[in-house]
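The residues making up each chain are set out below.
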Amino acid sequence: MGIQVEVVVDYPVEDEMERVLGLAAAVDEPVTVTFIWERRDEAERAVLVPAATLALWEHWAPAAYRTSDAGQGNRVETAEPDLAHPEEFGPFTLFRRRVGGRTAVARGGVVVAELLDPDEAHWLQEQARNVRQGFMDPKQKAAFEEFLARQESLEQQ
């Protein structure tokens, strides 16, 4: 993922979170964020993926990421999942899902990005790229087949 951002958070600070969310919206590409919560030993890493980018990745990825493997690396696991109450940071509202570990980021009632586990974001990006590279749209495929049909066979060369 291209951009790395460090955010130190004790209680969510509106200005800091709003700045990070605004940065991700401005660059329109995935942003890796590290949350360092006070009173916890480990940092929590996530990738903030713009909604359009995530939709594209999920369109091309041939299968869903196995969430049972998510969070094994550097995510802080608590005894009980956080409640799914929305949190507001300036114009942004975060909706943390109790299952799957994703957090939807909305602005003005529209989801603009999602916070994903870094492993899930990387997996989705790789799967989407691999599938997309092997795909031809119908017009392109027909043109390629026509091109191949016009080529001389190896025996004629």
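Rules used throughout
Residues numbered from 1 in each chain as written. Predicted model: local features only at pLDDT ≥ 70, side-chain atom pairs only at ≥ 80, totals over all residues. Heavy atoms only, no water. Pairing = 2+ DSSP bridges. Helix = DSSP H or I, 4+ residues; strand = E, 2+ residues; numbered from the N terminus. Core = buried A, V, L, I, M, F, W, Y, C linked by side-chain atoms within 4.5 Å. Buried < 20%, exposed > 50% of the residue type's maximum accessible area, 1.4 Å probe, protein only. Contact = heavy atoms within 4.5 Å.

Trainee: Quick question: what am I supposed to make of the pairing of strand E5 (residues 92-96) here?
Mentor: On any regular strand, side chains alternate: one points to one face of the sheet, the next to the other face. Direction of pairing for strand E4 (residues 87-89) relative to E5: antiparallel, over a ladder of three bridges. The residue of E5 that forms the bridge with Glu88 is Thr93. Hairpin connection from E4 to E5: two residues lie between these consecutive antiparallel strands, with Gly90 at a positive phi of about 60°. Strand direction decides the pairing type here: E5 and strand E6 (residues 103-107), joined by five bridges, are antiparallel. Note that in E6 the partner of Phe95 across the bridge is Ala104.

Trainee: Help me understand the nonpolar core, please; the structure alone is not making it clear to me.
Mentor: Nonpolar side chains tend toward joint burial in soluble globular proteins. Counting residues in hydrophobic clusters, the biggest one holds 15 residues, and the most contacted among them are Leu21, Leu48, Leu94 and Val105. Those elements giving two or more residues to this core turn out to be helix H1 (14-27), strand E2 (31-37), strand E3 (44-50), E5 and strand E7 (110-116). Ranked by the residues each element gives to this core, the list is headed by H1, at four residues. The residues contacting Val105, other than those within four sequence positions of it, are Leu21, Leu48, Phe92, Thr93, Leu94, Val110, Val111, Val112 and Ala113. If you look at the next biggest cluster of nonpolar residues, it comprises ten residues, including Val49, Trp57, Leu124 and Ala128.

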